[in-house]
Amino acid sequence: MIYKNKSGLVSFLIIKEIDYLNEDMAIEKEEDYNHLKDKTFNRIHIPNFSFKRKDSSITYKSDYIKGIQICEHNKAKYKDIIFEDLVKRQSDYSFTGYYFTNFIIEEHTNRIYYIDLDDYRKSTINERIERFNKFW
């Protein structure tokens, strides 16, 4: 979807609809999104987003971040930042999917964005370290 952002520039939206097995799971994920809404992650950014739940489905819309994905060739530059700001985050909540494709380096600003908002959930630091080590 294309729209004009607050600056009047043309932007793109990503719309993702997720059907959960039951309404309880959707309600739990809705709580995760509500928790995420006002959080910051130091050097890791998240796109502006909105969401709505209907029964056992959640639809979220987020800004499309134009840039490049983290990959084997550039991962060393970002590894410590991701580990410090997401994995070792002093919170019961953080992102838990550390695939390279979940990270976009924004064109022109070089900001690191985490783009798969569905991966935000309650998790321990030890669980996050274990997951991080699988991918990095």
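To keep things clear, this report deals only with the structure shown in the data block. (Residues numbered from 1 in each chain as written. Predicted model: local features only at pLDDT ≥ 70, side-chain atom pairs only at ≥ 80, totals over all residues. Heavy atoms only, no water.)

1. Section: the overall build of the protein chain
Each helix and strand in the protein chain was counted, giving three helices and 10 strands. Element order for the protein chain, N to C, with α for helix and β for strand: β-β-α-β-β-β-β-α-β-β-β-β-α. In summary, the protein chain has a C-alpha radius of gyration of 15 Å against a globular reference of 14 Å for 136 residues, a match within 12%. Along the first, second and third principal axes, the C-alpha set of the protein chain runs to 40 × 40 × 25 Å. (Helix = DSSP H or I, 4+ residues; strand = E, 2+ residues; numbered from the N terminus. Rg over C-alpha atoms; globule rule 2.2 N^0.38 Å.)

2. Some details on the sheet that holds strand β9 (residues 112-114)
As a general point, the strands of a sheet are linked pairwise by backbone hydrogen bonds and lie either parallel or antiparallel. Across the sheet, which stays open at both edges, the four strands sit in the order β3-β9-β8-β6 with mixed pairing between neighbours. With partners counted over all chains shown, the strands left at the sheet margins are β3 (44-45) and β6 (67-69), one partner each. Sheet topology places strand β8 (residues 103-106) next to β9; three bridges connect them, and they run antiparallel. Among the inter-strand pairings, I105 is bridged to a residue of β9, identified as I112. (Pairing = 2+ DSSP bridges.)

3. Description of the pattern of salt bridges
Evaluated as defined, the whole model comprises 10 salt bridges. Residue D32 is joined to K29 by a salt bridge in which the shortest nitrogen-to-oxygen separation is 3.2 Å. Residue D32 and its partner K29 are both found in helix α1 (residues 23-36); the two are separated by three residues, about one turn of the helix. Accessibility assignment for this pair places D32 and K29 in one class, buried. (Salt bridge = Lys/Arg side-chain N within 4 Å of Asp/Glu carboxyl O. Buried < 20%, exposed > 50% of the residue type's maximum accessible area, 1.4 Å probe, protein only.)

4. Digging into the nonpolar core
Counting 29 residues, the largest nonpolar core has I82, L86, F95 and F103 as its most contacted members. For this core, the elements supplying multiple residues, two or more each, are α1, β5 (57-63), α2 (75-87), β7 (93-95), β8 and β9. When residues in this core are grouped by element, the largest group, five residues, is from α2. Setting aside its immediate chain neighbours within four residues, L86 contacts F41, I44, I81, S94, F95, Y98, F103, Y114 and R128. (Core = buried A, V, L, I, M, F, W, Y, C linked by side-chain atoms within 4.5 Å. Contact = heavy atoms within 4.5 Å.)

5. Re a nonpolar patch on the surface
On the surface, a cluster of nonpolar side chains totalling about 290 Å² of accessible area is made up of F12, I14 and Y64. Tracing the chain through its elements places F12 in strand β2 (residues 10-19). (Patch = residues over 30% accessible without salt bridge, like charges linked within 9 Å, V, L, I, M, F, W, Y side chains within 5 Å. Areas by Shrake-Rupley, 256 points an atom, 1.4 Å probe, with all protein chains shown as cover.)

6. A short note on α1
Over its 14 residues, α1 runs 20 Å from end to end, which matches the ideal 20 Å to within 8%, given 1.5 Å per residue. Here α1 starts with a cap whose side-chain oxygen sits 3.1 Å from the backbone nitrogen of D24, and that cap is N22. (Expected span 1.5 Å × (residues − 1). Polar contact = N/O pair within 3.5 Å; in protein donor to acceptor, adjacent residues only side chain to side chain.)

7. Considerations on the side chain of D32
Judged by its relative accessible area of 8%, D32 falls in the buried class. With sequence-adjacent residues up to four places away left out, D32 is seen in contact with Y93, Y120 and R121.

8. Some points on the packing of α2 against helix α3 (residues 125-135)
Look at α2 against α3: their axes get within 10 Å of each other, and the N-to-C directions meet at 155°. As far as their axial angle goes, α3 and α2 are roughly antiparallel. Our pair here, α2 against α3, has a crossing hand that is right-handed. Here K79, I82, F83, L86 and V87 of α2 come into contact with α3, specifically with I125, R128, I129 and F132. Residues that form the contact of α2 with α3 fall into these classes: seven nonpolar, no polar and two charged. (Axes fitted to C-alpha atoms, helices over the stretch in contact; angles between N-to-C directions. Parallel < 35°, antiparallel > 145°, perpendicular 65-115°, else oblique. Left-handed = near helix turned anticlockwise from the far one by under 90°. Nonpolar A, V, L, I, M, F, W, Y, C, P; charged D, E, K, R; others polar.)

9. Concerning the pairing of β5
Most of β5 is tucked away: six of the seven residues are buried. Pairing of strand β4 (residues 49-54) with β5 involves six bridges; the strand directions are antiparallel. Paired with F51 across the strands is Y60, a residue of β5. Taken together, β4 and the strand that follows it, β5, pair antiparallel across an intervening segment of two residues, in which D55 is found at a positive phi of about 55°.

Interpretation note: all reported values are geometric properties and have no functional meaning in isolation.
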